[in-house]
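An overview of the molecular structure
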Amino acid sequence: MSFEAFLGRQPLARYAQIAHSATPRDVESALGRPTIDFDAFLALLSPAAATYLEPMARRAQEITRVRFGRVIQMYAPLYVSNVCSNGCLYCGFNRSNAVRRTTLRFDQAEGEAAILHARGFRSLLLVSGEAPQAVSVAYFEALVRRLHGLFPSLSLEIYPLETEEYARLVEAGVDGLTLYQETYDRALYARVHPFGRKADYGWRLAGPERGAAAGMRRVGIGALLGLGPWREEAVALALHALWLQQEHWQTQVCVSFPRLRRATGGFVPPFPVDDPSLVQLACALRLLLPDAGLVLSTREAPAFRDGLAQICLTHMSAGSCTEPGGYAHPGEAEGQFSVEDARPAAEVAARLLSLGLEPVWKDWDAAFVGEAFLAGAPGAVPASSARKEAPCG
Ligand code: SF4
């Protein structure tokens, strides 16, 4: 059964009602359990739980330390194109916006990557709009092969692909996929995605499972916070993560918290999410999903990122630029959104160290699951079985 079919069978209205109406007693009962099941998670999303942020954060921190230590994986986005055929109302790259469009040639992309490599990054997230005519699967395949020698971890945040296309990119060296559903509310989804391939809700929703089926080591999901009521989105997002963990156990599931930012077009988030609510959501998800990577980008302000990093994060971007070519030539193309944490990567890393955390630039090498490596390892297991053992990076 696909996740879309599974989601369609869930009593979402009842879940949302619990997430809105749980009492302080329900919250205390949830926090008193040795493990957080889905009912307890719903209670932790409630307005009543907002006054229990401290115990939630303490427990989220304990779980994170046990599962991940003090490690924060560092990564950087590399925007290769801001050409897009979609009409997402909230995005600066929306086809209707009159912005300067750029697609990087390979030498330009390699120049951007070299800058990020010099800053210490060994994990890159390749980002583009939906423009297969400008950035085709063959484009990414060739670019990944060029970059793979310098970057052991290469992930994609691009338009959804077929399973076979993801498999081609895995073969080329891609190990991770990020694909936000933006909103799990079908009617809202249709309103904010009025045209283009992205208007197809089901095609996008099934993207993460296609990526996992194709052999992605890591799949990241998320809802664009501010588009719809956050508790309803959190319910569906959590179900999505649980379903992926169960159906694709060899793939590490990561959850991101992209909060809507100012972008070209002047879209105003209809359901703004404040800082305490975002902390509540992140803590509740950590308690429900002890093994999930939790990711926070430079969309958020420095103090907020530093605070959440100490509680439950596992992955952070740093020194990010959201315009194609912007690391080498800032200001020559349009960015997707304005970043709030503009600190250089080295400054973010130094801050994490000062907080007792350990920024890690490389945690993965494909050789870890190579047959030659495993053949020599005590208790060797087949490469396909080893994938789950690798930490999320
Ligand atoms: S969110 Fe992505 S698909 Fe939508 S307009 Fe922006 S770049 Fe294009």
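Cut-offs applied
- Residues numbered from 1 in each chain as written.
- Predicted model: local features only at pLDDT ≥ 70, side-chain atom pairs only at ≥ 80, totals over all residues.
- Heavy atoms only, no water.
- Helix = DSSP H or I, 4+ residues; strand = E, 2+ residues; numbered from the N terminus.
- Rg over C-alpha atoms; globule rule 2.2 N^0.38 Å.
- Buried < 20%, exposed > 50% of the residue type's maximum accessible area, 1.4 Å probe, protein only.
- Contact = heavy atoms within 4.5 Å.
- Areas by Shrake-Rupley, 256 points an atom, 1.4 Å probe, with all protein chains shown as cover.
- Lys, Arg positive; Asp, Glu negative; His and termini not counted.
- Charge placed at Lys NZ, Arg CZ, Asp CG, Glu CD.
- Pairing = 2+ DSSP bridges.
- Right-handed = clockwise from strand over helix to strand, strands pointing away.
- Core = buried A, V, L, I, M, F, W, Y, C linked by side-chain atoms within 4.5 Å.
- Phe/Tyr/Trp six-rings, centres within 6.5 Å; stacked < 30°, edge-to-face > 60°.
- Lys NZ or Arg CZ within 6 Å of the ring centre and 35° of its normal.
- Salt bridge = Lys/Arg side-chain N within 4 Å of Asp/Glu carboxyl O.
- pLDDT = per-residue confidence, 0-100.
- Near = heavy atom within 4 Å.
- Nonpolar A, V, L, I, M, F, W, Y, C, P; charged D, E, K, R; others polar.
- Expected span 1.5 Å × (residues − 1).
- Axes fitted to C-alpha atoms, helices over the stretch in contact; angles between N-to-C directions.
- Parallel < 35°, antiparallel > 145°, perpendicular 65-115°, else oblique.
- Left-handed = near helix turned anticlockwise from the far one by under 90°.

**Description of the overall build of the chain**
When its secondary structure is counted, the chain shows 17 helices and nine strands. Taking 2.2 N^0.38 as the reference for a compact globule, 393 residues should give roughly 21 Å; the C-alpha atoms of the chain span a radius of gyration of 20 Å, in line with that estimate. Taking all 393 residues of the chain together, the buried fraction comes to 58%. Within the chain, contacts between residues at least 6 apart in sequence are counted, and of these 75% link residues at least 24 apart. Accessible surface, the chain as shown: approximately 15500 Å² in total, 54% of it carbon and sulfur. Taking the average location of the 38 positive side-chain charges in the chain and that of its 41 negative ones, the two points are 1 Å from each other.

**Details of unusual backbone geometry**
Phi at Glu182 takes a positive value of approximately 75°, unusual for a residue other than glycine. Within the secondary structure, Glu182 is located in the loop between β4 (174–178) and α9 (186–192). Its relative accessible area of 6% is what places Glu182 among the buried residues.

**What to know about the pairing of strand β2 (residues 123–128)**
Counting buried residues along β2, six of its six residues qualify, which places the element largely inside the surrounding structure. Of the two faces of β2, the one lined by Ser123, Leu125 and Val127 and the one lined by Leu124, Leu126 and Ser128 are each fully buried. Pairing between strand β1 (residues 71–81) and β2: five bridges, direction parallel. Note on β2: the bridge partner recorded for Ser81 is Ser128. At this point the chain moves from β1, through helix α6 (residues 106–118), to the parallel β2, and the crossover so formed is right-handed. Pairing analysis gives five bridges linking β2 to strand β3 (residues 153–157), with the strands arranged parallel. The partner of Leu124 across the bridge, within β3, is Leu154.

**Remarks on the nonpolar core**
Within the largest apolar cluster, 109 residues are counted, with the highest numbers of intra-cluster contacts made by Phe41, Phe140, Tyr184 and Phe257. Examining the composition of this core, we find that ten residues originate from one element, helix α12 (residues 230–247), more than from any other. Look past the residues within four positions of Phe257 in its chain and what remains in contact with it is Leu225, Leu278, Leu281, Ala282, Leu285, Leu294, Val295, Leu296 and Glu300.

**Looking at the packing of aromatic side chains**
A complete count under the given rule lists ten aromatic pairs for this structure. When the ring of Tyr79 is compared with that of Phe93, the centres are 6.2 Å apart and the planes differ by 85°; the resulting orientation is edge-to-face. With Tyr79 in strand β1 and Phe93 in the loop between β1 and α6, this residue pair connects regions lying 14 residues apart in the sequence. We note that Tyr79, like Phe93, is buried. One aromatic cluster in this structure is built from Phe3, Phe6 and Trp243. When the ring centre of Phe304 is taken as origin, the NZ or CZ atom of Arg259, which lies over that ring, is 5.3 Å away.

**Remarks on the side chain of Arg65**
Locating Arg65 in the fold gives a position in helix α5 (residues 53–68). One buried charged side chain, Arg65, makes no salt bridge at all; its nearest oppositely charged neighbour is Glu358, positioned 10 Å away. Setting aside its immediate chain neighbours within four residues, Arg65 contacts Arg70, Ala309, Gln310 and Leu357.

**So, the confidence of the model for the chain**
Low pLDDT means the predicted atomic positions in that stretch should not be read closely. The predicted model of the chain averages 92 in pLDDT, with 92% of residues at 70 or higher. pLDDT under 50 marks residues 378–393. Its contacts with residues more than four places away, or in other chains, come to 40 contacts.

**Description of the site of the ligand**
Cys84, Asn86, Cys88, Tyr90, Cys91, Phe93, Asn94, Gly129, Lys198 and Gln336 make up every residue found near the ligand. Here the residues of the shell around the ligand sort into five nonpolar, four polar and one charged.

**Describing α5**
Turn by turn, an α-helix covers 3.6 residues, leaving residues three or four places apart pointing in a common direction. In this model, α5 (16 residues) spans 21 Å end to end at C-alpha, consistent with the 22 Å of a helix rising 1.5 Å per residue. Among the residues making up α5, those that are buried are Leu53, Met56, Ala57, Arg59, Ala60, Ile63, Thr64 and Arg65. One or two positions beyond α5, positive phi appears at Gly69, with a value near 70°.

**As for the packing of helix α7 (residues 137–147) against helix α8 (residues 163–172)**
Angle between the axes and distance between the axes are the two parameters that describe a pair of packed helices. Two numbers describe how α7 lies on α8: the axes approach to 9 Å, and their chain directions differ by 15°. Classed by the angle they form, the pair α7 and α8 counts as roughly parallel. When the axes of α7 and α8 are compared, the crossing they make is right-handed. Contact with α7, carried on its side by Val137, Ala138, Phe140, Glu141, Val144 and Arg145, involves Glu165, Arg168, Leu169, Glu171 and Ala172 of α8 and no other residues of that element.

**What about the pattern of salt bridges?**
This structure, assessed with the given rule, holds 19 salt bridges. Notably, a salt bridge pairs Asp175 with Arg218, separated by 3.6 Å at the nearest N-O pair. On the criterion of sequence distance, the pair formed by Asp175 in strand β4 and Arg218 in strand β5 (residues 218–221) is long-range, its members being 43 residues apart. Of the two residues examined, Asp175 and Arg218, each falls in the buried class. In this structure, Glu300 and Arg259 form a salt bridge, with 2.6 Å as the shortest nitrogen-oxygen distance. Of this pair, Glu300 sits in the loop between β7 (293–296) and α14 (302–309) while Arg259 sits in the loop between β6 (252–256) and α13 (275–288), placing them 41 residues apart in sequence. Here Arg259 falls in the buried class, since its relative accessible area comes to 8%. Through salt bridges with shared partners, a single ionic network connects Arg305, Asp306, Asp341, Arg343 and Arg351.

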